[in-house]
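# Summary of structural features
Each chain, written out:
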Amino acid sequence: MTATHTRPAHTAKQEWATGLTAFAAVMLFLVGLLDIFRGIMAIAEDDIFVTTRNYVFEWDLTGWGWMHLALGAVAVIVSIGLLQTAVWARVAGVAIASLVIIANFLSLPYYPIWSVVMITISGFIIWALCVVQRGNLFDLSEERPLSDERQPSEERPSHRV
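Everything quoted here is computed from the prediction, not taken from an experiment.

### Topic: the environment of Val-26
- For Val-26, the position within the fold is in helix 1 (residues 12-44).
- Given a relative accessible area of 46%, Val-26 falls into the partly exposed group.
- Spatially, the C-alpha atom of Val-26 lies 8.6 Å from that of Leu-83, the residues being 57 residues apart in sequence.

Written out as structure tokens, the structure reads:
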């Protein structure tokens, strides 16, 4: 007697969880990519950013650029892990997004509007990664079966004459 293995049915909760994780992965990738570009700008050309005197967290702009470059590179790597729905990537994603928030808070006087935008996006990343329960995720890299409403044998009939 042979046993047939069936996959458990996909639920709406699992679909939402997978969607939120995919959202967090894409947004973390974008945040990382933008941080990489921002770090390169700060390293290469110090005159792009406005420097503010008498700021409590006064840093050398080149050092600040290296910090953003490193955070951006790690964020891109972690976002790839999020597409595999790895638990380590979820934990690292929350940590990296938190560090991006802190780094952008510290760089508010240099580029204020963009720092607020990056803080907001990173907050959404943290929310998306924390709201999803571990058991509700699908592997985003695997091919998902067709939904229950439409099986391969029930595809639209062809109109043959």
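### A closer look at the side chain of Arg-38
- As for its position among the elements, Arg-38 is in helix 1.
- Among the polar contacts made by the side chain of Arg-38, one reaches the side chain of Ser-115 at a distance of 2.9 Å.

### Topic: helix 3 (residues 87-106)
- Relative to the 28 Å expected for 20 residues at 1.5 Å per residue, helix 3 spans 29 Å between its end C-alpha atoms, a close match to the ideal helical length.
- Among all positions in helix 3, only Ala-89, Arg-90, Gly-93, Ile-96, Ala-97, Val-100, Ala-103, Asn-104 and Leu-106 are buried.

### Describing the confidence of the model for the protein chain
- On average, residues of the protein chain score 76 in pLDDT, and 65% of them are at 70 or above.
- Low confidence marks residues 145-151, where pLDDT is under 50. Its contacts with residues over four positions away, or in another chain, come to seven contacts.

### Re a nonpolar patch on the surface
- Among the surface-exposed residues, Val-26, Phe-29, Leu-30, Leu-33, Leu-34, Phe-37 and Ile-40 lie close enough to one another that they form a single nonpolar patch of about 560 Å² accessible area.
- Its relative accessible area of 30% is what places Leu-34 among the partly exposed residues.

### Here we look at the nonpolar core
- Leu-28, Leu-82, Ile-96 and Ile-125 are the most contacted members of the largest nonpolar core, which has 23 residues in total.
- Sorting the residues of this core by element identifies helix 1, helix 2 (61-83), helix 3 and helix 4 (112-131) as the ones contributing at least two each.
- Of the residues forming this core, the biggest block, seven residues, is contributed by helix 1.

Parameters at a glance
- Residues numbered from 1 in each chain as written.
- Predicted model: local features only at pLDDT ≥ 70, side-chain atom pairs only at ≥ 80, totals over all residues.
- Heavy atoms only, no water.
- Helix = DSSP H or I, 4+ residues; strand = E, 2+ residues; numbered from the N terminus.
- Buried < 20%, exposed > 50% of the residue type's maximum accessible area, 1.4 Å probe, protein only.
- Polar contact = N/O pair within 3.5 Å; in protein donor to acceptor, adjacent residues only side chain to side chain.
- Expected span 1.5 Å × (residues − 1).
- pLDDT = per-residue confidence, 0-100.
- Contact = heavy atoms within 4.5 Å.
- Patch = residues over 30% accessible without salt bridge, like charges linked within 9 Å, V, L, I, M, F, W, Y side chains within 5 Å.
- Areas by Shrake-Rupley, 256 points an atom, 1.4 Å probe, with all protein chains shown as cover.
- Salt bridge = Lys/Arg side-chain N within 4 Å of Asp/Glu carboxyl O.
- Core = buried A, V, L, I, M, F, W, Y, C linked by side-chain atoms within 4.5 Å.

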